[in-house]
Amino acid sequence: MDRPTWEEHLMNEAVLASEMSTCESRKVGAVIAKDTHIISKGFNGPAAGLEHCGEIGGCARRKMPDYESGKYLDKCRAVHAEQNAINFAARYGISTEGATLYVNTCPCNQCMGSIINAGIKEVVYEGSYNSNSIEMAQQAGIAMKQYVRTRKK
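Throughout what follows, the structure given in this document is the object of discussion. Given the structure is predicted, the values throughout are model-derived calculations rather than measurements. (Residues numbered from 1 in each chain as written. Predicted model: local features only at pLDDT ≥ 70, side-chain atom pairs only at ≥ 80, totals over all residues. Heavy atoms only, no water.)

## A few points about the sheet that holds strand E5 (residues 100-105)
Part 1: Reading across the sheet, the 5 strands line up as E2-E1-E5-E6-E7 and stay open at both edges, with mixed pairing between neighbours. Pairing within the sheet leaves two strands with one partner each, and these edge strands are strand E2 (37-43) and strand E7 (143-146). Ignoring strand direction, the axes of neighbouring strands in this sheet form an average angle of 20°.
Part 2: Both strand E6 (residues 122-127) and E7 contribute to a ladder of 4 bridges, which runs parallel. Within the sheet, the bridge partner assigned to Val124 lies in E7 and is Lys145. (Pairing = 2+ DSSP bridges. Helix = DSSP H or I, 4+ residues; strand = E, 2+ residues; numbered from the N terminus. Axes fitted to C-alpha atoms, helices over the stretch in contact; angles between N-to-C directions.)

## Observations concerning the packing of helix H3 (residues 109-117) against helix H4 (residues 133-140)
To describe two helices that pack against each other, one gives the angle between their axes and the distance between the axes.
Part 1: Packing of H3 against H4 brings their axes to within 9 Å, and their N-to-C directions diverge by 20°. By the criterion of interaxial angle, the relationship of H3 to H4 is roughly parallel. Crossing geometry of H3 relative to H4 is assigned as right-handed. Seen from H3, the contacting residues are Asn109, Met112, Gly113 and Ile116; seen from H4, they are Ser133, Met136, Ala137 and Ala140.
Part 2: Tallied by class, the residues present in the contact of H3 with H4 amount to 5 nonpolar, 3 polar and no charged. (Parallel < 35°, antiparallel > 145°, perpendicular 65-115°, else oblique. Left-handed = near helix turned anticlockwise from the far one by under 90°. Contact = heavy atoms within 4.5 Å. Nonpolar A, V, L, I, M, F, W, Y, C, P; charged D, E, K, R; others polar.)

## Observations concerning the packing of helix H2 (residues 81-91) against H3
Part 1: Relative to each other, H2 and H3 sit at 25°, their axes nearing to 9 Å. It follows that H2 is roughly parallel to H3 by the angle criterion. As H2 runs across H3, the sense of the crossing is left-handed. When H2 is examined against H3, the residues Glu82, Gln83 and Ile86 are found in contact with a partner set consisting of Gln110, Cys111, Ser114 and Ile115.
Part 2: When its residues are assigned to classes, the contact of H2 with H3 shows 3 nonpolar, 3 polar and 1 charged.

## Let's talk about the pattern of salt bridges
Part 1: According to the stated counting rule, one finds 4 salt bridges in the structure shown.
Part 2: Across the pair Glu7 and Lys145 runs a salt bridge whose closest N-O atoms are separated by 2.8 Å. Within this pair, whereas Glu7 is found in helix H1 (residues 6-18), its partner Lys145 is found in strand E7, the two being separated by 138 residues in sequence.
Part 3: The partly exposed category is assigned to Glu7, whose relative accessible area is 21%.
Part 4: We classify Lys145 as partly exposed; its relative accessible area is 37%.
Part 5: The salt bridge involving Glu126 is made with Arg149; its shortest N-O contact spans 2.8 Å. Pair noted here: Glu126 is in strand E6 and Arg149 is in the segment after E7, with a separation of 23 residues, a long-range link.
Part 6: Taking relative accessible area as the criterion, Arg149 reaches 21% and is therefore assigned partly exposed. (Salt bridge = Lys/Arg side-chain N within 4 Å of Asp/Glu carboxyl O. Buried < 20%, exposed > 50% of the residue type's maximum accessible area, 1.4 Å probe, protein only.)

So this is what it looks like as structure tokens:
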């Protein structure tokens, strides 16, 4: 029987969540799971009820003359996928203690702080991102694993 592994399935769910993002720079999706059960999902975008960047004339960061990835984060309206998944779990009283987070991009420093404080014990990420979050995770005893696709989606 040819079926995906649980890790592949959960990473595919994170990629699927990223398709809901309206971010003009990077579409990120995250899934929090305990064992093989998804307990929360998130994608990057404005806080619930706020307009998306495309609805207000575009991304303020991308309008900066010297824009590049990771720059002008203070102008970004988006809540990151990892934070949205953690916040959703908190809002509905779902414990993330000991869970694994699957995300299609390595978390930034701010998200890693939230991951640490949420008690998540493992992060499986696909794409890299320029931050020192892996070092933060190692200090906190969180296992970090870069996911490598072996099959086509």
